[in-house]
Amino acid sequence: MLRFVLLFAAYAASASGAAAIVGGKTGEHGAQQHTVFLTSRGQDCSGTLIARDLVITAAHCVASGGSFSMNTSAGSIQVSQVVVHPSFRRNTYETHKPSPDIAILKLAAPAPQHLRAARLATETAFPPRGTSFVIAGFGELVEGDRRIGTFRTTQLNNAGTTGGIMLRLTPPGSGQTAGSCTGDSGGSAYRSENNVLVLYGVIAWAGGRAGRNCGVVTGIVLVANQIGWIRATAKRLGSSLD
């Protein structure tokens, strides 16, 4: 997994490509019908179903190439095409500058019926600080344990923007440890609107307190800022966004 260091003086945090959800909860949640688990020989990540045959994930999960699959309770579906956002630059990402760290994956077959495409955010205005999000992914519960593949969620709050295309999310409680970690890269950040989960962001990176990589800050790429590219890519791939 892509790893790098971001300096946030307020947190004394080190950061890395996001992994599993530290402090997350297992069990039934509405996000489970949208958030999916992606596997490859090199790196396992999370993603979000945005059409019957399309998944959005983090660009750094797939930019190096390889063979990818979406694993579900009904079996595995191969990824037939990968489209990385044209403005994503790995060197920019590694030097701590905001980058549209997103990619769209075309599935070789439609997702099983128990999975549903998530509604995409289109409002480009930044939500107020303190706005609550639910993040979802298949990463580690405890940093470093390397056991990934279990769906988990946790609640985080908006702590501000990064470069106008990302948000930093932090735990709601002072001193609380919660957030994305290994295996959660590409996972989902939702807000509830009229009791409907809306995909607002794609998990890109995580930061922790000194000596740790997870549990303090989760960085998400805002979907609404990239909605034009997402729609154009879906059309080019012959898919219909629900």
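Before any of the text, the structure's been laid out above.
Computed from a prediction, not measured in an experiment: that's the story for all the values here.

Conventions adopted
Residues numbered from 1 in each chain as written. Predicted model: local features only at pLDDT ≥ 70, side-chain atom pairs only at ≥ 80, totals over all residues. Heavy atoms only, no water. Salt bridge = Lys/Arg side-chain N within 4 Å of Asp/Glu carboxyl O. Helix = DSSP H or I, 4+ residues; strand = E, 2+ residues; numbered from the N terminus. Buried < 20%, exposed > 50% of the residue type's maximum accessible area, 1.4 Å probe, protein only. Contact = heavy atoms within 4.5 Å. Polar contact = N/O pair within 3.5 Å; in protein donor to acceptor, adjacent residues only side chain to side chain. 1 Å grid on protein atoms, 1.4 Å probe; cavity = no way out; pocket = protein on both sides within 12 Å on 5 of 7 lines; lining within 4 Å. Points joined across faces, edges and corners; volume = space filled by probe spheres on them. Nonpolar A, V, L, I, M, F, W, Y, C, P; charged D, E, K, R; others polar.

Regarding the pattern of salt bridges
Here comes step 1: Evaluation of the coordinates by the stated rule reveals two salt bridges.
Here comes step 2: For Lys106, the salt bridge goes to Asp53, with nearest N and O atoms at 2.7 Å. Here Lys106, found in strand 7 (residues 103–107), pairs with Asp53, found in the loop between strand 3 (45–51) and strand 4 (54–57); they are 53 residues apart in sequence, far enough to count as distant. No difference in accessibility class separates Lys106 from Asp53, as the two residues are buried.
Here comes step 3: Where Arg119 meets Glu193, a salt bridge forms, and the shortest distance between an N and an O atom there is 3.3 Å. Within this pair, whereas Arg119 is found in strand 8 (residues 119–120), its partner Glu193 is found in strand 12 (residues 188–193), the two being separated by 74 residues in sequence.

Brief notes about the environment of Phe126
Here comes step 1: Following the sequence through the fold, Phe126 ends up in the loop between strand 8 and strand 9 (132–137).
Here comes step 2: With relative accessibility at 39%, the residue Phe126 sits in the partly exposed group.
Here comes step 3: Considered as a pair, Phe126 and Leu222 are 96 residues apart in the sequence and their alpha carbons are 9.2 Å apart.
Here comes step 4: If sequence neighbours within four positions are ignored, Phe126 has contacts with Thr161, Gly164, Leu167 and Leu222.

Some points on the side chain of Ser40
Here comes step 1: Within the secondary structure layout, Ser40 lies in strand 2 (residues 35–40).
Here comes step 2: The buried category is assigned to Ser40, whose relative accessible area is 19%.
Here comes step 3: A polar side-chain atom of Ser40 sits 2.7 Å from the main-chain carbonyl oxygen of Gln43.
Here comes step 4: Leaving out residues up to four positions away in the same chain, Ser40 has contacts with Ser67 and Phe68.

Regarding empty space enclosed by the protein
Here comes step 1: The full count for this structure, using the stated rule, is two cavities of 30 Å³ or more.
Here comes step 2: By volume, the largest cavity amounts to about 50 Å³.
Here comes step 3: Looking at the lining of the largest cavity residue by residue, the classes come out as seven nonpolar, two polar and one charged.
Here comes step 4: A volume near 40 Å³ is recorded for the second largest cavity.
Here comes step 5: Lining the second largest cavity, in full, are Leu38, Thr39, Gln43, Cys45, Cys61, Val62 and Phe68.
Here comes step 6: When residues of the lining of the second largest cavity are traced back to their parent elements, those giving at least two are strand 2 and helix 1 (59–62).
Here comes step 7: When its residues are assigned to classes, the lining of the second largest cavity shows five nonpolar, two polar and no charged.

Points about the environment of His34
Here comes step 1: One can find His34 in the loop between strand 1 (13–17) and strand 2.
Here comes step 2: What makes His34 buried here is its relative accessible area of 6%.
Here comes step 3: In this structure, the C-alpha to C-alpha distance between His34 and Leu49, residues 15 residues apart in sequence, is 5.3 Å.

A closer look at unusual backbone geometry
Here comes step 1: Although it is not a glycine, Asn194 sits at a positive phi angle of roughly 55°.
Here comes step 2: Inspection of the secondary structure assignment puts Asn194 in the loop between strand 12 and strand 13 (196–209).
Here comes step 3: Its relative accessible area of 76% is what places Asn194 among the exposed residues.
Here comes step 4: Look at Asn195: it is not a glycine, yet its phi comes out positive at around 65°.

Some thoughts on the layout of surface pockets
Here comes step 1: Approximately 180 Å³ is the volume found for the largest pocket.
Here comes step 2: Element by element, the count of residues in the lining of the largest pocket is highest for strand 2, at three residues.
Here comes step 3: Grouping the amino acids of the lining of the largest pocket by side-chain chemistry returns five nonpolar, six polar and no charged.

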